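# Per-entry structural report
The lines below spell out each chain.
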Amino acid sequence: MSLIPDDVIEQVREAADLVGIIGEHVELKRTGSDFRGPCPFHGGTHRNFAVIPKKGMFYCFVCHEAGDVFTFFMKKLGMDYPTAVREVARRVGITIPERGPTGPDPREPLFSAVAAAADWFARQLRESPEAEVAREYLASRHLELDTVLPLGLGYAPRGKAFLDAMKGLGLRDEVLLEAGLVVKREEDEAPLVPRFRGRLLFPIHDLRARVVGFGGRILGEGEPKYLNSPDTPIFHKGKLLYNLHVAKHAIRKAERAILVEGYFDVLRLSLAGIEEVVAPLGTGLTPEQAQLVKRHATQVILLYDPDDAGLRATFRAGDELLREGLRVSVATLPPGEDPDTLVQRQGAAGLAALLEDAVDVLERKVQILERKGFFGTLPGRRRALDRLLPTIRAAKDPITRELYISRAAEAAGVRKDVLELEIVGQPARRLDADVAPLSAQPPNRLTALPASAEKALLLLLLEGDPWRSRVTEAVDPEEFEFLPYRAVFEAVADDAVLALDDTSARAYEQLTAEGLGGRDPNVMYETALNWIEARRLERQLERLDAQLPFESPERQVSLIAEKRRVFDELRKRYPRYKIAARRRGAPGT
């Protein structure tokens, strides 16, 4: 048996006339943008069988058979996957190059197990009494069951029914375990339990449209809110994008991709007719995911939530995409909205208008910094440039980088040549000037990292919930002046530790090794937050000092009173602040 290259399979799928091929076996009639006919699988006489060219798929609303052009040949004519691909290729005149004999794909049992699980979960959502909670939840989000069933959504019940069903299909425990469908619990009487229990499931596909994993939303009480399949030989969440197997055709046609945060955002936009939409799988965008986008588009619009967490995710994703040479814009949602709710209220037209108003990712950063008053003071301009520089450096396209440098220089009021020197010189001094750089080899002593409020917060963050939630809600990444600590904070918050560079990864390893060491976490948290708030107040004093000389005498009186109030608050939070501030070395120590 020979292995068919993935890019050739994609070429065959895109060249295939799905309506024409299925029309040889089914009498199809156009209904809107789709085609309907009697189902060839269950032998129905009514037109419950739909062929959807825009999505490259078919679906029966009675027997629920679904798939693409290759699946049709497999289900209808009993072909295996490679034979179906070759048959479609023969029809469209594409010659398939062979990679040589490789034998059967050792991962095939895993693909089969996940496909069987997907079918079973989908049947539970349709029929199981226990799944009523899932059907009610979908209804509460104004999603009809008949609308989402063709997309493969399912429900994972609590209990052991899933295990019994899979064993009834002859699937072995070791295959279910390797496929990430069950977990081993040594302390339980039954060592294997279903990974997904009491969750609404979204199937995750690879580019061949095979189900390789799931994302599950908890229904009712429980944590985590969303749970993905673990990494397996067929599923790597950092290398896949939700809905790309369908959206890639629309992306190429629209010459753009829309990147959103969640499964429901993708679902809502797709159902509204905006089909070039994909999402990362519950983590920050990875370099591999950015490369996937680049294979299908040259322009990306980021459509994330407008809160602080959403903005942080927006700009981190923007930098990853810029590194791939893509053009990146940001569409700004109204406060309190997300893509799902906006489309529910305003429809596709409202979202289309918002996408039309998308601005370049660096310009969006400048807008936010201007709104927050950063460019009104000299210290503020310095901090604003620190926030713009990562995006400028990320721009791989030389023209985009040149435009970014000009825009940042204009906004901050600095000479362009000075800013260019800062950009070129930065890699040689990535750590704060006041902090000794980490050695090239991992140090033997934990004291190689500065003892600081920042470090205390990271140690708490690494303890997991509830401290992780408390720290991420109380502190923004920009509060971390020591850059490796900032990178660790962002990576842990986004569950993207594997993306850390060498310096930050060493910092992460040392922090993990140190732990709390018996220290009282409540005391550490309160002390560290007092320091962080003290730094915020000190920056406020700097802004007031810079503003004073340029104000009228009446306004100066008001600012001096404000300065006194801020200083009193500063001393209340840390009585010895001025003394400590003169002595401190590393930021936050």
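Reading the values: the criteria
The residue numbering used here restarts from 1 in each chain and proceeds along that chain's sequence as written. Note on the predicted model: pLDDT of at least 70 is required for a residue's local features to be given, and 80 or more for side-chain atom pairs to be given and counted; whole-chain, interface and lining totals, by contrast, use all residues. Note that the side-chain values use all heavy atoms of the structure and ignore hydrogens as well as water. Numbering of helices and strands starts at the N terminus; helices are DSSP runs of H or I of at least 4 residues and strands are runs of E of at least 2. For every residue, the accessible area (1.4 Å probe, protein chains only) is compared with the maximum for its type, and the residue is labelled buried under 20%, exposed over 50%, or partly exposed between those bounds. Residue contacts are defined here by distance: any two heavy atoms, one from each residue, within 4.5 Å place the two residues in contact. Note on areas: these come from Shrake-Rupley sampling with a 1.4 Å probe, and a residue is covered only by the protein chains present in the view. Only buried residues count toward a nonpolar core, which is a set of Ala, Val, Leu, Ile, Met, Phe, Trp, Tyr and Cys residues joined through side-chain atoms within 4.5 Å. In summary, the pairing rule links any two rings of Phe, Tyr or Trp, Trp by its six-membered ring, whose centres are within 6.5 Å, and it sorts them by plane angle into stacked for under 30 degrees, edge-to-face for over 60 and tilted for everything else. When DSSP locates at least two bridges between a pair of strands, those strands are taken to pair. Helix axes are fitted only over the stretch in contact, all axes being lines through C-alpha atoms; the angle between N-to-C directions runs from 0 to 180 degrees. How sure the predictor is of each residue is captured by pLDDT, a score from 0 to 100. Any angle that falls under 35 degrees is termed roughly parallel, while one over 145 is termed roughly antiparallel, one within 65 to 115 roughly perpendicular, and all others oblique. Ten residues, namely Ala, Val, Leu, Ile, Met, Phe, Trp, Tyr, Cys and Pro, are considered nonpolar, four, namely Asp, Glu, Lys and Arg, are considered charged, and the remaining ones, Gly among them, are considered polar. Should a side-chain nitrogen of Lys or Arg be within 4 Å of a carboxyl oxygen of Asp or Glu, the pair is scored as a salt bridge. A crossing counts as left-handed when the near helix is turned anticlockwise from the far one by less than a right angle, and as right-handed when that turn is clockwise. Throughout, the arc means the angular range of directions from the helix axis out to the C-beta atoms. The definition of a polar contact used here is a pair of N or O atoms within 3.5 Å, where within protein one atom must be able to donate a hydrogen and the other to accept one, and adjacent residues in sequence count solely through side-chain atom pairs.

Helix and strand counts for the protein chain come out as 25 helices and 16 strands. Counting only residues that meet the buried cut, the protein chain has 48% of its 589 residues in that class. Here the contacts in the protein chain between residues at least 6 apart in sequence split such that 63% fall between residues at least 24 apart. Working note: accessible area of the protein chain is about 28200 Å², and carbon and sulfur atoms make up 51% of it.

Moving on, we get to the nonpolar core. General note: in soluble globular proteins, nonpolar side chains tend to be found buried as a group. Leu200, Phe214, Leu269, Leu303 and Leu351 are the most contacted members of the largest nonpolar core, which totals 69 residues. Among the elements that take part in this core, helix H5 (residues 108–127) stands out by supplying 10 residues, more than any other. Not counting residues within four places of it along the chain, the set of residues in contact with Leu200 comprises Leu125, Ala134, Tyr137, Leu138, Gly154, Tyr155, Gly215, Gly216, Arg217, Leu219 and Phe264. Counting residues in each nonpolar core, the second largest holds 47 residues, with Leu241, Leu259, Ile405 and Ala409 among its members.

The next subject is the packing of aromatic side chains. A complete count under the given rule lists 22 aromatic pairs for this structure. Note on Trp467 and Tyr525: the rings are 5.4 Å apart at their centroids and 55 degrees apart in plane angle, and the pair reads as tilted. Here Trp467, found in helix H20 (residues 467–474), pairs with Tyr525, found in helix H23 (residues 521–547); they are 58 residues apart in sequence, far enough to count as distant. A relative accessible area of 12% places Trp467 in the buried class. Here the aromatic cluster, defined as three or more aromatic residues joined through ring pairs, consists of Tyr137, Phe202, Tyr226, Tyr242, Tyr263 and Phe264.

What follows is about the sheet that holds strand S16 (residues 359–360). Ordered by their spatial adjacency, five strands build an open sheet running S13-S12-S14-S15-S16, and the pairing between neighbours is mixed. Of all the strands in the sheet, just strand S13 (277–278) and S16 have a single pairing partner and so form its edges. Where helix H13 (residues 308–323) meets the sheet, it contacts strand S12 (257–259), strand S14 (299–302) and strand S15 (327–330), and its direction lies at approximately 175 degrees from that of S14.

Our next topic: the sheet that holds strand S1 (residues 29–31). Spatial ordering of the open sheet is given by S1-S2-S3-S4-S5, a layout of five strands whose pairing is antiparallel. The sheet is open, and its two edges are formed by S1 and strand S5 (66–67), each paired on a single side. Both strand S4 (residues 57–60) and S5 contribute to a ladder of two bridges, which runs antiparallel. Bridge assignment links Phe58 to a residue of S5, and that residue is Gly67.

A few words now on the confidence of the model for the protein chain. Looking at the protein chain, pLDDT values average 83 and 89% of them are 70 or higher. In this model residues 426–450 is a low-confidence stretch, pLDDT under 50, and it forms 45 contacts with partners more than four residues away in sequence or in other chains. Scored below 50 in pLDDT, residues 579–589 shows 25 contacts in the model against residues more than four places distant or in partner chains.

Okay, the packing of helix H19 (residues 453–461) against H20 next. At a minimum axis distance of 8 Å, the contact between H19 and H20 shows a crossing angle of 140 degrees. Here H20 runs oblique to H19, going by the angle between their axes. Taking contact as the criterion, the partners of Leu457, Leu460 and Leu461 in H19 are, on H20, Trp467, Arg468, Val471 and Thr472. By residue class, the composition of the contact of H19 with H20 is five nonpolar, one polar and one charged.

Turning our attention to the pattern of salt bridges. Counted under the stated rule, the structure contains 29 salt bridges. Residues Glu10 and Lys248 are paired through a salt bridge, measuring 2.0 Å at the closest nitrogen-oxygen approach. Taken together, the positions of Glu10 in helix H1 (residues 6–15) and Lys248 in helix H10 (residues 244–254) put the pair 238 residues apart, joining distant regions of the chain. One exposure class covers both Glu10 and Lys248, and it is buried. Across the pair Glu490 and Arg316 runs a salt bridge whose closest N-O atoms are separated by 3.5 Å. Highlighted residues: Glu490 in helix H21 (residues 483–493) and Arg316 in helix H13, separated in sequence by 174 residues.

So, on to the pairing of strand S3 (residues 49–52). In S3, alternate side chains face the same way, and those of Phe49 and Val51 on one face and Ala50 and Ile52 on the other are all buried. Sheet topology note: the strand S2 (residues 34–37)/S3 ladder contains three bridges and is antiparallel. Residue Gly37 lies in a different strand from S3, and its bridge partner there is Phe49. Hairpin connection of S3 to S4: four residues between the antiparallel strands, including Gly56 at a positive phi of 65 degrees.

How two helices pack is summed up by the angle between their axes together with the distance between the axes. Closest axis-to-axis distance for the H19/H21 pair is 10 Å, and the angle between their directions is 25 degrees. Relative to H21, the element H19 lies roughly parallel. Of the two elements, H19 crosses H21, and the hand of that crossing is left-handed. Where H19 abuts H21, its residues Glu454, Lys455, Leu458 and Leu461 lie against Tyr485, Val488, Phe489 and Val492. Residues belonging to the contact of H19 with H21 are distributed by class as follows: six nonpolar, no polar and two charged.

Our next topic: helix H3 (residues 69–77). The α-helix advances 3.6 residues per turn, and as a result positions three or four apart in sequence lie on the same side. Of all the residues in H3, the buried ones are Val69, Phe70, Phe72 and Phe73. For H3, the arc enclosing every buried residue in end-on projection is 160 degrees, short of the 170-degree limit, so these residues lie on one face. Where H3 is buried, its residues contact H1, helix H2 (18–23), S3, S4 and helix H4 (81–92). Between a side-chain oxygen at the N-terminus of H3 and the backbone nitrogen of Phe70 the separation is 3.1 Å; the capping residue is Asp68. Just downstream of H3, Gly78 is the residue with a positive phi angle, here 75 degrees.

Cis geometry marks the peptide bond from Glu223 to Pro224, where omega comes out at -10 degrees. Here Pro224 shows up in the loop between strand S10 (211–218) and strand S11 (226–228). Cis geometry marks the peptide bond from Asp465 to Pro466; its omega dihedral reads 10 degrees. The topology assignment puts Pro466 in the loop between H19 and H20. For His142, which is not glycine, the phi dihedral falls at a positive 60 degrees. Residues other than glycine seldom take positive phi values, yet Glu255 does so here, at roughly 60 degrees. For Glu255, the position within the fold is in the loop between H10 and S12. Accessibility expressed as a relative area gives 56% for Glu255, which makes it exposed.

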